Amino acid sequence: MRYLKQKLIMGRPSTKPKDLRDGYYIEVRNKNKKNGVKIRRDTKEQLQLVIEEYKKIKDVLILGRFKNGKMIEIPDLKHPK
């Protein structure tokens, strides 16, 4: 019983941001909103399909390619309008 009580009392949550996995990232937001959801895809072609799908109804922001802990811009990928 004592063990269960200790498990229920938890400390402060972590403030360190999550590490992103390697891949291509976009952020999808509702129109005129500040916060969005990050979406990751493995290939540029998959990312392009997702951009085409979401750009009609949402705001899409291309974040770039995450590789070895660093974000790299994707020069030949166009921003949706």
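Structure shown above.
Rules behind the numbers
Residues numbered from 1 in each chain as written. Predicted model: local features only at pLDDT ≥ 70, side-chain atom pairs only at ≥ 80, totals over all residues. Heavy atoms only, no water. Helix = DSSP H or I, 4+ residues; strand = E, 2+ residues; numbered from the N terminus. Buried < 20%, exposed > 50% of the residue type's maximum accessible area, 1.4 Å probe, protein only. Areas by Shrake-Rupley, 256 points an atom, 1.4 Å probe, with all protein chains shown as cover. Salt bridge = Lys/Arg side-chain N within 4 Å of Asp/Glu carboxyl O. Pairing = 2+ DSSP bridges. Axes fitted to C-alpha atoms, helices over the stretch in contact; angles between N-to-C directions. Contact = heavy atoms within 4.5 Å.

Trainee: I would appreciate a short explanation of the overall build of the protein in the present structure.
Mentor: Check the secondary structure of the protein and you find two helices and four strands. Ordered by position from the N terminus, the helices and strands of the protein form the series α-β-β-α-β-β. When each of the 81 residues of the protein is scored for burial, the buried share is 22%. Per element, the accessible surface of the protein, about 7300 Å² overall, is 52% carbon and sulfur.

Trainee: Any chance you could explain the pattern of salt bridges here in plain terms?
Mentor: When the charged atoms of two side chains with opposite charge come close together, those side chains can pair. Within the structure shown, the criterion is met by five salt bridges. Of the charged contacts in the structure, one is a salt bridge between lysine 55 and glutamate 52, with a shortest N-O distance of 3.3 Å. Assessed through its relative accessible area of 35%, glutamate 52 is described here as partly exposed.

Trainee: What is the right way to read the sheet that holds strand 1 (residues 23-29) from this model?
Mentor: Strand pairing in a sheet relies on backbone hydrogen bonds, with the paired strands running either antiparallel or parallel. Here we have four strands laid out as an open sheet, ordered 2-1-3-4, and antiparallel in their pairing. Sheet topology places strand 2 (36-41) and strand 4 (70-72) at the edges, where each strand pairs with a single neighbour. Mean inter-strand twist for the sheet, computed between neighbouring axes without regard to direction, equals 35 degrees. Lying on the sheet, helix 2 (residues 44-54) is in contact with strand 1, strand 2 and strand 3 (59-67); it crosses strand 1 at an angle near 10 degrees.

Trainee: Which parts of the structure should I look at to understand the pairing of strand 3?
Mentor: In the case of a regular strand, side chains alternate between the two sheet surfaces. The sheet contact formed by strand 1 and strand 3 spans seven bridges and is antiparallel. Pairing of arginine 29 across the sheet is with aspartate 59, part of strand 3.

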